[in-house]
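Listed below are the residues making up each chain.
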Amino acid sequence: MRGRLRRATGAWLPRAGKLDAGEVVLKQRRVFILPTRAGLGFAVLLAVLLIGSINYALGLGFGLTFLALACALVDMVATYRNLAHLALQQGRVAPAFAGQEVQFELQVFNRTRLARYAVRADFSDVAEPRHVADIAPGTHAILTLSVPTLQRGWLAPARVKLSTHFPLGLFNAWSYWRPAARALVYPRPEAGAPGLPLGGGSGSSLRAAGHDDFAGVRNYQAGDSPRQLAWRQIARLDPSIGGALVSKHFEGGGGDELVLDFDTLPATLDLELRLSRLTRWVLEAESRALPYAFRLGTLRLPAALGAAHQAACLRALALHGLDEGIGEAA
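Note that the coordinates shown come from a computational prediction; the quantities given were computed from them, not determined experimentally.

**Considering the overall build of the protein**
1) Next: Each helix and strand counted, the protein has 6 helices and 19 strands in total.
2) Next: When each of the 330 residues of the protein is scored for burial, the buried share is 38%.
3) Next: Taking the intrachain contacts of the protein between residues at least 6 apart in sequence as the baseline, contacts between residues at least 24 apart amount to 69%.
4) Next: Working note: accessible area of the protein is about 18,700 Å², and carbon and sulfur atoms make up 59% of it.

**Re helix 2 (residues 37–56)**
1) Next: Spanning 20 residues, helix 2 covers 29 Å between terminal C-alpha atoms, matching the ideal 28 Å at 1.5 Å per step.
2) Next: Every buried residue of helix 2 is accounted for by Gly39, Leu46 and Ser53. Burial along helix 2 is one-sided: seen end-on, the buried residues are contained in an arc of 45°. The exposed residues of helix 2 that point more than 90 degrees off its buried face are Arg37, Val44, Val48, Ile51, Asn55 and Tyr56.
3) Next: Looking at the packing, one finds that the buried side of helix 2 touches strand 2 (32–35) and helix 3 (59–81).
4) Next: Backbone geometry just downstream of helix 2 places alanine 57 in the positive-phi region, at approximately 55°.

**Examining empty space enclosed by the protein**
1) Next: This model, assessed by the stated rule, comprises 2 cavities of 30 Å³ or more.
2) Next: Approximately 60 Å³ is the volume attributed to the largest cavity.
3) Next: What lines the largest cavity is Gln90, Phe104, Glu105, Leu106, Phe123, Leu145, Pro157, Val160, Trp177, Pro179 and Ala181.
4) Next: If one sorts the elements of the lining of the largest cavity by residue count, strand 5 (residues 101–110) sits on top with 3 residues.
5) Next: In terms of residue class, the lining of the largest cavity is made up of 9 nonpolar, 1 polar and 1 charged.

**Thoughts on the pairing of strand 17 (residues 258–261)**
1) Next: Residues of strand 17 alternate between two faces, with Leu258 and Leu260 on one and Val259 and Asp261 on the opposite face, all of them buried.
2) Next: In this structure, strand 17 lies alongside strand 18 (residues 292–296), joined through 4 bridges in parallel fashion. When the bridges of strand 18 are listed, valine 259 appears paired with alanine 293.
3) Next: Crossover connection from strand 17 via helix 5 (residues 271–287) to parallel strand 18: handedness right-handed.

About the criteria used
- Residues numbered from 1 in each chain as written.
- Predicted model: local features only at pLDDT ≥ 70, side-chain atom pairs only at ≥ 80, totals over all residues.
- Heavy atoms only, no water.
- Helix = DSSP H or I, 4+ residues; strand = E, 2+ residues; numbered from the N terminus.
- Buried < 20%, exposed > 50% of the residue type's maximum accessible area, 1.4 Å probe, protein only.
- Contact = heavy atoms within 4.5 Å.
- Areas by Shrake-Rupley, 256 points an atom, 1.4 Å probe, with all protein chains shown as cover.
- Expected span 1.5 Å × (residues − 1).
- Arc of directions from axis to C-beta.
- 1 Å grid on protein atoms, 1.4 Å probe; cavity = no way out; pocket = protein on both sides within 12 Å on 5 of 7 lines; lining within 4 Å.
- Points joined across faces, edges and corners; volume = space filled by probe spheres on them.
- Nonpolar A, V, L, I, M, F, W, Y, C, P; charged D, E, K, R; others polar.
- Pairing = 2+ DSSP bridges.
- Right-handed = clockwise from strand over helix to strand, strands pointing away.

Below is the structure:
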């Protein structure tokens, strides 16, 4: 008997550890419905009306009772239809720094001719859903679900719960969706970190520079020509690093290559603080357009600039000493 019951319930409920990859359609077996508190109170009211009508033989009382019961049954069907046959897809997941919120995109498609109203979505561990959407026929809605982070590494979100009380609020229909998504959480940049090691790293090689060779950017100084302003860097400069205007800096002599080397950091600092300092230096070097080499463990990246180089460095910092599998970071 237990085995048959387990097989029966297993056919209706998704496995706890199974991830939903690709598009998921909320078919009949994925949508559940139960009365709300208001629905239970309405049921008690119907019972009182029915008992009173029987005791006093009230024909109008019977008519009112069964009319209200019919409205409740119609509401149950409408609530179920408001959620059934929606299609769910995973959207973009952008990396974030520890202490920030990771944004998970959920795309909800309504390919039916029935408009959907007040569809609520959030992670199942949130008491009250924070996102409500109306979805017209043949359209879709993009919901952004946020998760706070505490430490670096991979972050796998909790399962997503979609629910609705529409139209009368007597019933609650809901469904669960567990996206096969994970977000990469970078180390938190160190606040008040020392300046970049512009004097050269350990064993850094010299690079030749001719007269008026571009050497990076510096803070704007009175008297700098407008042609000297680094407009590209000004447009994407992080204000938290400091400075609103920067100027291009040229030098005619030789200079040491900027090397961000994990092994050159003081051994008295713990691992997470050293990773946070390197994270801050990577961001600062990018904002100042200073080509930098990166060294972390066995990883050796030559001097470069750009989004790809920065992403490779931050990824290495986020996963240093961690398993490659999905790990909870919050």
